[in-house]
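Observations on the three-dimensional arrangement
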Amino acid sequence: MTIRTTRPAAARRSSRQARTLLGSALASALALGIAAPYAQAATPTAPAAPAPTPAATAVPAGLGPWTAPKELPGVTAVLDLKSARNGTVAGLFTQDGKTVLSVRPAGSTTWQQTAPVPTGATLQRTDDGAVSLLSWTTAAEDGSRTLKLSRLAPDGTAFGPAEDVTTGTLAGDWAHWRTQLTTLAANAKGHQAVAWMDKDHRLTVVERSAPSGDWSAPKTLDQLPDPIVREDNVYNYVLWDLRVAVDESGTVGVLWGGNSHYTGDGVDPDPTAYKWHYKYVEKPAKPAAAGSDSSWTEPNDLPLLGERPKQVTLAAHPKGGFHLLSNGTYARKAAGAAEWGAAEQTGVGARSYAPAELLTTPNGDVTAVGMTGAGTPGIATRLAAQGSWSAPRKLASYVESDSLTATTTADDTTVVTYTQKRFELGRSVRQDFVAQTVKGGDLSKPRTLSARTKDTVSTGRVAADGKGRPVAVWTQSAPGAAPATYTATTGTRAKPKWHDYADDDRADVLGLSQSDSMKLYTGDTTNPTETFYASPWKSETRVVPFGDFDGDRCNDLIVRLPEGETRLYTPVCGGLPTPDSPHKRLARDWSGYDTLLASGDQTGDGRPDLLARDKATGDIYLYAHNGTDAFKPRVKIRSAWTTYKRVIGAGDLNADGLGDVLALDKSGNLWRYDGLPTGKLKDRVRVFKDWGGSYKDVVGAGDVDGDGKHDLVARDTGNRLWLNAGKGNGTFGNRVALGDAPYWKQWASLG
């Protein structure tokens with residue numbers, strides 16, 4: 001059967017270059033007075049002609065929003081998903097009750113005809129960028145089997161013919177049923193090693209120096225201990241971990257182990273019979289001396305695994321040597337080192353029946369994706385330049401532990417998928433398949449990819465395609481209906497709408513909570529579960545929704561800390577930053593400004609600009625975007641706005657492409673100042689009379705009601721939220737209630 005899908009025009013491949021932040025031009029601008037809110041800038045006697053816009057530095061647009069799902073006909077389960085270096089995606093599926101393999105070649109949107117594979121076959125991706133299909137033949141009368149390997153080359157579009165790797169036996173009942181009994185690793189040069197446990201519970205390894213070379217004879221390296229026998233029970237050892245890795249030099253490392261297991265019924269009569277056997281063995285790369293060879297080390301204990309290890313991650317480190325993760329403890333064994341380095345705590349642990357994932361970049365950055373608690377997946381990053389782990393970031397709650405999968409795209413964005421329980425009135429009503437992206441430590445808002453249909457259960461996996469985009473495939477099942485399987489990827493990214501931070505093409509409400517979080521509200525205000533947040537931000541922080549500063553087609557943020565320091569954050573598309581996310585400091589202390597605001601493009605150059613009001617004088621200053629990566633020196637555009645108790649960045653209210661400003665005076669009159677392409681403002685026009693006396697927050701929130709016109713959102717002193725819908729001509733309709741006070745009381749401020 002052929003699996004076919006259709007796609008929109010593909011987005012161009014994202015660059016691996018990091019997103020451009022403020023650079024040296026900012027330092028020059030700061031030296032010219034940006035950081036001095038008390039310095040007076042002379043008002044020009046005549047409007048100066050806008051300077052030519054410098055050619056903007058190309059900035060990767062990031063992953064676009066997810067496309068509409070397409071069904072994969074006949075597929076009833078997704079077993080695994082892996083992609084080769086060129087983005088050819090291989091999938092193991094269930095079809096007509098059988099395990100089948102299908103390939104979506106790089107550059108194509110069509111899955112090729114499925115082919116049956118042996119039950120128990122596994123897909124394994126190696127560091128050379130290849131994907132291999134491993135399977136054992138049916139056991140002969142003497143128990144012997146043949147291990148088969150079919151390889152999808154790093155730049156290939158189809159699997160090659162199966163080859164015989166070795167002949168041996170395979171463990172049966174004493175291995176944990178979810179443990180991968182046979183595992184393959186290869187370094188970038190194609191040095192391969194395969195490890196498995198045979199029927200006598202021995203660790204056995206074969207290797208070869210290149211994909212076209214000959215496999216070595218099997219080598220037995222270790223053996224699980226004999227069962228622990230008690231008068232009333234036998235405690236057999238169960239294999240939990242079997243990991244193999246090959247570093248860049250060709251050194252092979254193997255970590256394996258398990259524990260004695262109670263096999264009886266009812267209450268365990270002797271918990272003291274539980275024992276753990278975990279060992280590490282290594283074969284150094286072959287010495288350069290002619291005729292010399294390397295041999296395997298003796299099995300060694302790893303105290304850093306703790307007293308009761310289980311689901312340990314072992315991988316080659318991009319800078320050479322190996323690294324591991326066990327129960328939230330990370331350690332690295334540098335290339336050529338005799339011992340493992342000091343243990344580091346990540347706060348991210350294994351899933352129930354699978355280890356956490358360690359995703360790496362060539363510069364040595366490491367990202368751990370796993371669980372931070374029961375039902376709570378999380379992520380932490382160790383930047384090579386800093387040499388320490390970031391605090392773990394929670395992804396979601398009520399997640400099925402073993403549904404967690406992750407991949408890295410071409411621009412080093414991590415995409416995580418998982419199955420999350422949904423509740424109504426305290427009862428679980430469905431399980432959704434959810435995707436979330438992580439970049440630079442920032443999280444996007446979770447995106448539900450499956451249909452939100454009651455009583456459905458959806459689960460799947462994710463890989464990356466030839467255009468550097470994530471490809472998700474998931475199965476959705478419901479009582480009384482046959483399971484159906486769907487796929488989706490991310491599309492092209494359009495210019496973001498004003499105040500859209502959830503990446504869903506609609507305006508959002510942004511602000512700070514009373515509980516030290518930055519909050520993003522994206523849905524029905526009566527449903528607080530729609531809130532997305534990032535912590536820890538002090539509640540006194542002020543956030544300015546700014547627009548797309550760096551040209552990646554995602555809206556950015558200016559944040560002023562309680563102490564006055566002001567920063568620019570360019571978070572992951574669809575997400576929010578934490579205080580320690582990558583940022584650029586705009587000023588050490590801008591507490592001399594009582595208001596910072598943005599209305600979009602004030603100068604007609606297509607870039608957003610910043611406005612600020614001096615606390616002492618009421619003067620309004622324009623910090624115009626310089627067209628590349630900084631602000632121009634400030635220019636005073638209005639004087640002595642001291643009669644206004646609020647100045648509001650309203651966005652483009654009259655659809656002329658320029659940002660407009662609203663000002664509320666002490667008499668309750670709301671005035672509109674339309675923008676001019678010179679960066680200045682037209683004369684004021686009154687919008688409302690006797691308005692806003694009970695409001696403690698007023699926000700030009702963009703198109704909240706979805707009619708394409710910019711709206712006004714306000715919160716009163718009773719914490720009720722109100723919407724004045726924009727008419728597209730600079731005026732607004734009468735206010736209507738937008739949300740419940742108990743929910744909005746949790747917010748310290750709206751941005």
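Just so it is clear, the structure is predicted and the values come from calculations on it, not from any experiment.

Summing up its helical and strand segments, the protein has two helices and 55 strands in all. Out of the 751 residues in the protein, the part that is buried amounts to 56%. For the protein, the proportion of contacts with a sequence separation of at least 24, taken over those separated by at least 6, is 50%. Total accessible area computed for the protein in this model is approximately 30900 Å², and 50% of it derives from carbon and sulfur atoms.

A few words now on the nonpolar core. Ranked by internal contacts, the top residues of the largest apolar core, which has 35 residues, are Leu203 and Val254. Listing elements by their share of this core, those giving two or more residues are β7 (131–136), β8 (145–152), β10 (182–186), β11 (192–197), β12 (202–208), β15 (233–246) and β16 (252–262). By size, the runner-up hydrophobic cluster in this structure holds 29 residues, among which are Tyr418, Tyr501, Phe532 and Val543.

Attention shifts here to the packing of aromatic side chains. Summed over all chains, the structure comprises 29 aromatic pairs. When the ring of Tyr330 is compared with that of Trp389, the centres are 5.0 Å apart and the planes differ by 70°; the resulting orientation is edge-to-face. Here Tyr330, found in strand β20 (residues 329–333), pairs with Trp389, found in strand β25 (residues 388–389); they are 59 residues apart in sequence, far enough to count as distant. Seen in terms of ring centroids, Tyr593 and Tyr621 are 6.4 Å apart; in terms of plane orientation they differ by 50°. Their pairing is tilted.

The strand order across the open sheet built from four strands is β6-β7-β8-β9, with neighbouring strands paired in antiparallel fashion. Two strands close off the open sheet at either side, each with one partner strand: β6 (122–125) and β9 (163–168). Neighbour-to-neighbour, the strand axes of this sheet turn through a mean angle of 25°, independent of strand direction.

Attention shifts here to the state of the cysteines. Within the structure shown, the criterion is met by one disulfide. The side chain of Cys554 participates in a disulfide bridge whose partner is Cys573; the two sulfur atoms lie 1.8 Å from each other. Residues Cys554 and Cys573 share a disulfide whose torsion about the S-S bond is about 95°; that sign makes it right-handed. With Cys554 in the loop between β38 (542–547) and β39 (556–560) and Cys573 in the loop between β40 (566–569) and β41 (575–576), this pair connects stretches of sequence that are 19 residues apart. For the pair shown, Cys554 and Cys573 are each scored as buried.

So, how was this worked out
Residues numbered from 1 in each chain as written. Predicted model: local features only at pLDDT ≥ 70, side-chain atom pairs only at ≥ 80, totals over all residues. Heavy atoms only, no water. Helix = DSSP H or I, 4+ residues; strand = E, 2+ residues; numbered from the N terminus. Buried < 20%, exposed > 50% of the residue type's maximum accessible area, 1.4 Å probe, protein only. Contact = heavy atoms within 4.5 Å. Areas by Shrake-Rupley, 256 points an atom, 1.4 Å probe, with all protein chains shown as cover. Core = buried A, V, L, I, M, F, W, Y, C linked by side-chain atoms within 4.5 Å. Phe/Tyr/Trp six-rings, centres within 6.5 Å; stacked < 30°, edge-to-face > 60°. Pairing = 2+ DSSP bridges. Axes fitted to C-alpha atoms, helices over the stretch in contact; angles between N-to-C directions. Disulfide = S-S within 2.5 Å.

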